[in-house]
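# Residue-level structure breakdown
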Amino acid sequence: MNQFKPIFLGTVHPRSELAQYRRVVNSQKCVRAGGKHNDLEDVGRDTYHHTFFEMLGNWSFGDYFKEEACSMAWELLTEVYEIPRDRLYVTYFGGDPSLGLSADEECRDVWLHLGVPASHVLPFPLKDNFWEMGDTGPCGPCTEIHYDHVGGGRNAAALVNQGSPDVVEIWNLVFMQYSREVEGNLLPLPQYHVDTGMGLERLVTVLQNKRSSYDTDLFTPILDAIHKVCRAPRYQGLVGNADVGRVNMAYRVVADHVRTLCVCITDGIYPGFSGAELVLRRILRRAVRFCSEVLQAPPGLLASLVPTVVEVLGDAYPELRRNANLIKDIINENEAAFLSSLERGRCIIERTVQQMEPSTNFPAEVAWSLYGNLGFPLDLIDLMLEEKGISLDSAAFNKLALEDAKRKSGGPQAGQPGTANTRLDVHSLAWLQGSSVPATDDSPKYAYTLGQHGQYEFSPCQATVLMLYKDQSLHKEVGGGQRCGVILDRTNFYAEQGGQDSDQGYMIRLGQQDVLFPVESVHLCGGYVIHEVTAVETLRAGDQMQLFVDEAQRLACMRNHTATHLLSFALRRVLGDSTEQRGSHVTAQQLRFDFDTKGHVTVEQLQQVEQVVQDLIQKNEVVHVAEVPLTLARRVQGLRAVDEGYPDPVRIVSLGVPVENVLTCDSKAAMQTSVELCCGTHLLQTGSVEDLAIISERQLVKGISRVIAVTGGRAKEAREVGQCLAVEVDSVSLRMKQRITSISEMQNLSKEVGQLTKVVASTAMPQWQRKDLQTILKALQRTANTTIKKLELQQAEKVAQVLLAKYCNQPVIIDTIPADSLSILMKVVNQLCDKSPGTSVLLLSPQTSGEVLCACQVSKSCLPGFSAADWAMAVCTQMEGKAGGSPIVAKGSGNAKGMQGALTTALEFAQSKL
């Protein structure tokens, strides 16, 4: 229903095609696997839940209501589809005294009047028969039609809404007649709507006379394809205890989930780490687990099912055929990554368990890391621990989960303008429209010209206050010191829309020049522009106001919005015409652009994109703008899809080519330049962009990249910073090539490379240059590490020679030596043991900080009685320190005060083991 929310909320633009809708019939792809309506964990357990399904909908927007909706539904089911009436049961809302809602007797009486027996018309409470789309907003009672698969003249009323696979809901008719307010109370909607939804899969089950949707021709080809690949017996439709080993459940999970994956990936949603992408990732991983663990199928089963899904759904959704190979690639890549994560996770669990003290809980931090970072399923962690007789510290794990949820939810930042006074509620909108308050004329926002010296001149705007909005209600007066929304008859302020931030500025009352009313944000709602203002003095309806836009901020937004169009065109030119915009956001500081991509964008491609933009800036092309009828705009070749939400007429922005030329028959102009539908404010000529630098490029999820760019002075500054950093990297590179024999000198150079790496990663500079410098710095870091290792080895060899001469192949060497690091000390120990294989060595090295380093190695001939880890632990414990390692090699540290006692302990421990 998302596409119709603006109608329900009253925020639809009055000039849009959407605003004209009264009755709509549609079929759409739906996924229910997250949020309020989440079916994911139910899928597979029964024979009728799905993550992806096709929803058949009937909609009435202020037109027909309960009587017509019920009678049309009954006629379609019983007369057109000829479903036996005695198998159908209808439910209605039975009321809720706590909310002051009485039973929906109107609906009940409609069904009885249609001839439905009273025994088949059943009341149910709020949880079953009152539909809400969220915590707030339009909602209302619903009536559901249920089908009894058994029939035979029995009365199945007792099985309705009881989770029985034999009596299943097939159609839900929702009557939107209330609005749930923020306080939780219900208010009647100014206009009543109908939203009905019937699942195609369940309808097909009835029409094909099957007991389950998995037995219909929507699923049987996929179930057959699964059987051909896996080692499990054929699908039998079993559930619960009868489904031994959950084999049938696995069939249902895999068949359902692969359909969901195909449809979502085709629509541009790929497995990822947040939002819908994260949900799809969980769906894929759930399917992979059932494939490998239950069906015992080899890797690749999921992807091998894609052609079968395409065969079943391809006629209805031809885009599946076009993207079949992409779907297979993404499924295979994600499956391989998950199987690799599972293996790593199992190793981590094994290692953690080995290091745990007996009779302790598995550490929550490790479990959370497995779950959050590797995507390791929580139930699998529990299962593996259960097999080892260990339990997870659930309280600590839940605490970590809660902290993570709080961190991610964040909340509004301090100082950010709220939206309580700028989002008109549905009742206020209805009052304004019913009282014939005219929509705001915002055409003055486009009233600006270029002056003689190339500066932008913005025309002044005078307006009248029509109404004030505060605390979800309309007012004719708001006192000083209060924040409110101001509705004017006209405005030159740009309201946030089309991905562009709203204007800021101020307004003054005519004749009162010294009192400024700051405008913090501007929003469009149902054709009304609401200015969020702090009323420094009392504001009243009828006040005459002079409006002043923050010109610097507006001009920066105009520059970045025009640059966004240039960037979009350049990306298509360099990466190919299939490069589609996925989203954008324009602020005064920067622009963000998301787009489809088949792989990582290379350094060369980034440079080419910037060059295409630079060429268009240099040409100083005229930015042509015109409003044209929607029907005419839809004919423009190469123009992105036009949806029903666009106001009619629409605004076309064309760079370098007059709009009338773009509109002529067979014109290819839109393919050769940037032509977009856009309500944003733009420069008049491209030269005013001055410069553009892409300062960030990364993949959001596989197949979708995001670039961030800056323009004008910010772009120039980014280039200058990039040049300065390039000079610094060149300087380090030259010094690295000189012959350096000092470990400390090379370590300092390595630190400098590390610091430069951090600066390059975090500083705003051209992304192509950042990638170049990062490649150089990575190579320099490798060189530094190799050189340090080589110098340390040379130093270790010298010290080892002295010690070998001193101890002459004795079975144990225990001594103190100077060493700048634990790494060097360890290398000395290794050298001694390599040159004298029968010798066990423990060396201490006091540091100026008061710390003592410890390294030891035990001769293999002394194993298993003599352990290096135990030796180091005994010595470091004497120094109030810690140690760790393997039976052969170990290291640690302690306090210098206990060093003499530690040397004695080292000798005594060795003598006791030899």
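Residues numbered from 1 in each chain as written. Predicted model: local features only at pLDDT ≥ 70, side-chain atom pairs only at ≥ 80, totals over all residues. Heavy atoms only, no water.

For the chain, the name recorded in an unreviewed UniProt entry is Alanine--tRNA ligase, with Lonchura striata as its organism. The record held by UniProt for the chain lists under Catalytic activity (unreviewed entry) the comment "tRNA(Ala) + L-alanine + ATP = L-alanyl-tRNA(Ala) + AMP + diphosphate". (UniProt positions renumbered as here; feature names shortened; annotations may be inferred.)

### So, the environment of Glu880
Its location among the elements puts Glu880 in the loop between helix H26 (868–878) and strand E30 (882–885). On the basis of relative accessible area, Glu880 is assigned to the exposed category, the value being 72%. Distance in space between the C-alpha atoms of Glu880 and Ala297 is 54 Å, their sequence separation being 583 residues. (Helix = DSSP H or I, 4+ residues; strand = E, 2+ residues; numbered from the N terminus. Buried < 20%, exposed > 50% of the residue type's maximum accessible area, 1.4 Å probe, protein only.)

### Some thoughts on the side chain of Thr78
Among the structural elements, Thr78 can be located in helix H2 (residues 66–80). Judged by relative accessible area, Thr78 falls into the buried class, the value being 9%. Within the local environment of Thr78, its side chain forms a polar contact with the backbone oxygen of Trp74, the two atoms lying 2.6 Å apart. Apart from residues lying up to four places away in sequence, Thr78 is in contact with Ile83, Arg85 and Leu88. (Polar contact = N/O pair within 3.5 Å; in protein donor to acceptor, adjacent residues only side chain to side chain. Contact = heavy atoms within 4.5 Å.)

### Points about the sheet that holds strand E25 (residues 692–701)
Spatially, the four strands line up as an open sheet ordered E20-E21-E26-E25, and their pairing is antiparallel. Of all the strands in the sheet, the pair left with one neighbour each is strand E20 (581–586) and E25. In this sheet, neighbouring strand axes are inclined to one another by 15° on average, regardless of whether the strands run parallel or antiparallel. Two elements, strand E21 (residues 591–596) and strand E26 (residues 704–711), share six bridges in a ladder whose sense is antiparallel. Across the sheet, residue Phe595 finds its bridge partner in E26, namely Ser705. Contacts between helix H17 (residues 551–575) and the sheet are confined to E20, E21, E25 and E26, with E21 contributing the most and set at about 25° to the helix. (Pairing = 2+ DSSP bridges. Axes fitted to C-alpha atoms, helices over the stretch in contact; angles between N-to-C directions.)

### A look at the packing of helix H22 (residues 712–737) against helix H23 (residues 743–762)
The geometry of H22 relative to H23 is characterised by a closest axis approach of 11 Å and an angle of 160° between their N-to-C directions. As summarised for this structure, H22 and H23 are arranged roughly antiparallel, according to the angle between their axes. Note on packing geometry: the crossing formed by H22 with H23 is left-handed. Here Leu725, Glu728, Val729, Val732, Arg735 and Met736 of H22 lie close against H23, whose contacting residues are Met746, Leu749, Glu752, Val753, Leu756, Val759 and Val760. Looking at the contact of H22 with H23 residue by residue, the classes come out as ten nonpolar, no polar and three charged. (Parallel < 35°, antiparallel > 145°, perpendicular 65-115°, else oblique. Left-handed = near helix turned anticlockwise from the far one by under 90°. Nonpolar A, V, L, I, M, F, W, Y, C, P; charged D, E, K, R; others polar.)

### Observations regarding the sheet that holds strand E22 (residues 623–628)
Pairing is antiparallel in the open sheet, where three strands are placed in the order E22-E23-E24. Of all the strands in the sheet, the pair left with one neighbour each is E22 and strand E24 (675–677). Averaged over neighbouring strand pairs, the angle between their axes works out to 20° when direction is ignored. The sheet contact formed by strand E23 (residues 650–655) and E24 spans three bridges and is antiparallel.

### A word on the UniProt feature "binding site: Zn(2+)" (unreviewed entry) in the chain
Mapped onto this structure's residue numbering, the UniProt feature "binding site: Zn(2+)" (unreviewed entry) falls at His561, His565, Cys678 and His682. The largest pairwise C-alpha distance within this set of annotated residues, which runs over 122 residues, is 9.8 Å, so the set is compact in three dimensions. Checked against the element boundaries, His561 lands in helix H17. Ignoring any residue separated from it by four or fewer positions in sequence, one finds His561 in contact with Gly498, Gln500, Val586, Cys678, Gly680, Thr681 and His682. Within the fold, His565 resides in helix H17. Owing to a relative accessible area of 6%, His565 belongs among the buried residues under this scheme. Aside from chain neighbours lying at most four places away, what touches His565 is Val653, Leu655, Ser674, Glu676, Cys678 and His682.

### Some points on H17
For H17, built from 25 residues, the straight-helix expectation of 36 Å at 1.5 Å per residue is met to within 8% by its first-to-last C-alpha distance of 35 Å. Of all 25 residues that make up H17, 20 are buried, and the element is covered over most of its length. Its side-chain oxygen placed 3.2 Å from the backbone nitrogen of Ala552, Asp550 serves as the N-cap of H17. Of the residues trailing H17, Gly576 is marked for its positive phi of about 115°. (Expected span 1.5 Å × (residues − 1).)

### What about the nonpolar core?
The biggest cluster of nonpolar side chains holds 73 residues, and the ones touching the most others in it are Ile226, Tyr251, Leu295, Leu302 and Ile331. Elements with a minimum of two residues in this core: helix H6 (220–229), helix H7 (247–266), helix H8 (275–294), helix H9 (301–304), helix H10 (306–313), helix H12 (324–355), helix H13 (364–373) and helix H14 (378–387). Per-element accounting of this core gives the leading share, 13 residues, to H7. Ignoring any residue separated from it by four or fewer positions in sequence, one finds Leu302 in contact with Val254, Val258, Leu261, Leu284, Ala287, Val288, Cys291 and Ile331. In this structure, Leu725, Ile740, Ala800 and Ile813 belong to the second largest nonpolar core, which totals 38 residues. (Core = buried A, V, L, I, M, F, W, Y, C linked by side-chain atoms within 4.5 Å.)

### Re the pairing of strand E3 (residues 88–93)
Burial within E3 is extensive, with six of its six residues counted as buried. The two faces of E3 match: Leu88, Val90 and Tyr92 on one face and Tyr89, Thr91 and Phe93 on the other face are all buried. Note that E3 and strand E6 (residues 137–148) share four bridges and pair antiparallel. Its bridge partner being in E6, Thr91 is matched across the sheet by Glu144. The pairing of E3 with strand E4 (residues 121–124) spans four bridges and is classified as parallel. Residue pairing for E4: Val90 is matched across the bridge by Val121. For the handedness criterion, the β-α-β arrangement of E3, helix H3 (residues 105–113) and E4 is classed as right-handed. (Right-handed = clockwise from strand over helix to strand, strands pointing away.)

### A look at the pattern of salt bridges
Between side chains of opposite charge, a pair can form as their charged atoms come close. Going through the model one piece at a time under the given rule, you end up with 33 salt bridges. For the salt bridge of Arg23 with Asp63, the shortest nitrogen-to-oxygen distance reads 2.5 Å. Taken together, the residues span a long stretch of sequence, with Arg23 in strand E1 (residues 23–31) and Asp63 in the loop between strand E2 (52–61) and H2 at a distance of 40 residues. Using a relative accessible area of 36% as the deciding quantity, one classes Asp63 as partly exposed. Residues Glu350 and Lys388 are paired through a salt bridge, measuring 2.8 Å at the closest nitrogen-oxygen approach. Taken as a pair, Glu350 in helix H12 and Lys388 in the loop between H14 and helix H15 (394–409) lie far apart in primary sequence, 38 residues in all. Under the relative-accessibility criterion, Glu350 is labelled partly exposed at 34%. Several salt bridges converge on common partners, so that one network encompasses Lys29, Asp267 and Glu319. (Salt bridge = Lys/Arg side-chain N within 4 Å of Asp/Glu carboxyl O.)

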